[in-house]
Amino acid sequence: METGSPREAGAAGTAEGTEGAAGGGPVWTGLPPGLLRMRRLLLSVWLGLVALAAGLLPGLLAGPPWAVFALLPLALWAWGWVMLGRNWRSWRYAERADDLLISRGVLWREETVVPYGRMQLVEVTSGPVERHFGLASVQLHTAAAATDATIPGLDPAEAERLRDRLTELGEARSAGL
């Protein structure tokens with residue numbers, strides 16, 4: 001599935017092959033929706049607690065009109081909800097013949113190109129919250145620290161497949177893996 005924008009790539013599944021149907025561009029794969037659900041839940045929990053504290057403490061100590069301070073974290077929650085969706089849609093990656101492309105960013109677009117032959121280590125990580133949501137991240141390490149790249153929020157099976165494929169391609173390109 002070839003997509004032209006990050007918005008279209010956001011809900012895309014795993015793409016097979018390395019070039020688009022017309023052969024003109026890479027096949028982009030978006031991140032699964034589980035990452036967005038996890039981040040929005042964390043946003044809701046933390047800002048919900050902050051809103052409760054911001055409304056309850058001033059309301060009890062200085063009087064009920066001061067409980068209006070709870071609206072500030074709630075406004076921040078609404079803004080964060082939208083921004084998390086935009087950020088999630090901006091993440092995508094594409095496997096090409098000689099390198100891996102990772103694209104992200106809403107205001108400042110950043111596209112990282114990691115040649116398979118330059119990869120030294122490919123690891124799959126998953127913290128306790130990520131494991132609860134069935135997610136894992138793939139982290140790519142190269143000799144130059146500035147080019148290390150991460151693809152967050154993948155399904156564990158896709159993360160392992162990607163790790164194995166990148167390791168295989170890195171070894172085939174006679175590089176540091």
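Numbering of residues starts from 1 in every chain and runs along the sequence as written. In keeping with the model being predicted, local features are shown solely for residues with a pLDDT of at least 70 and side-chain atom pairs are shown and tallied solely at 80 or more, while totals for entire chains, interfaces and linings include all residues. No hydrogens and no water enter the side-chain calculation; it runs on all heavy atoms of the structure.

**A short note on the sheet that holds strand β7 (residues 149-154)**
Step number 1: When DSSP finds two or more bridges between two strands, those strands count as paired. The helix count covers DSSP runs of H or I at least four residues long, the strand count covers runs of E at least two residues long, and both are numbered beginning at the N terminus. The strand order across the open sheet formed by three strands is β5-β6-β7, and the pairing between neighbours is antiparallel. Two strands lie at the open edges of the sheet, namely β5 (119-125) and β7, each paired on one side alone. Each strand of the sheet is rotated relative to its neighbour by a mean of 15°, with strand direction disregarded.
Step number 2: Bridging between strand β6 (residues 136-142) and β7 involves four bridges; their strand directions are antiparallel. Bridge assignment links Ala-136 to a residue of β7, and that residue is Leu-154.
Step number 3: Residue contacts are counted whenever heavy atoms from the two residues lie within 4.5 Å of one another. Every angle, taken between N-to-C directions, lies between 0 and 180 degrees, and every axis is a line fitted to C-alpha atoms, over only the stretch in contact when it is a helix. Each of β5, β6 and β7 is contacted by helix α5 (residues 156-172), which is oriented at about 170° to β5, the strand it contacts most.

**Some remarks on the confidence of the model for the chain**
Step number 1: Taken as a whole, the chain shows an average pLDDT of 82; of its residues, 83% reach a score of 70 or greater.
Step number 2: Residue range residues 1-18 is modelled with pLDDT below 50. Its contacts to residues more than four positions away, or to other chains, number 45 contacts. Values of pLDDT, the confidence the predictor places in each residue, fall between 0 and 100.

**Details of the nonpolar core**
Step number 1: Grouped together as the largest cluster of nonpolar side chains are 24 residues, with contacts concentrated most on Leu-100, Ile-102, Leu-140, Ile-151, Leu-154 and Leu-166.
Step number 2: Contributions of two or more residues to this core are made by α2 (33-62), β3 (99-104), β5, β6, β7 and α5.
Step number 3: Here this core takes four residues from α5, the largest share from any one element. By nonpolar core we mean a set of buried residues, namely Ala, Val, Leu, Ile, Met, Phe, Trp, Tyr and Cys, connected to one another through side-chain atoms within 4.5 Å. In this scheme, a residue with accessible area under 20% of its type's maximum is buried, one over 50% is exposed, and one in between is partly exposed, where area comes from a 1.4 Å probe on protein chains only.

**Focus: the pairing of strand β2 (residues 92-95)**
Step number 1: Residues Arg-92 and Ala-94 of β2 are buried on one face, and the alternating residues Tyr-93 and Glu-95, pointing to the opposite face, are buried as well.
Step number 2: Relative to β2, strand β1 (residues 29-30) runs antiparallel, the two sharing two bridges. Counted as the bridge partner of Thr-29 is Tyr-93 from β2.
Step number 3: Of the pairings in the sheet, the one linking β2 to β3 comprises four bridges and is antiparallel in character. Looking at the pairing, Ala-94 lines up with Leu-101 of β3.
Step number 4: Between the end of β2 and the start of β3, which pair antiparallel, lie three residues.

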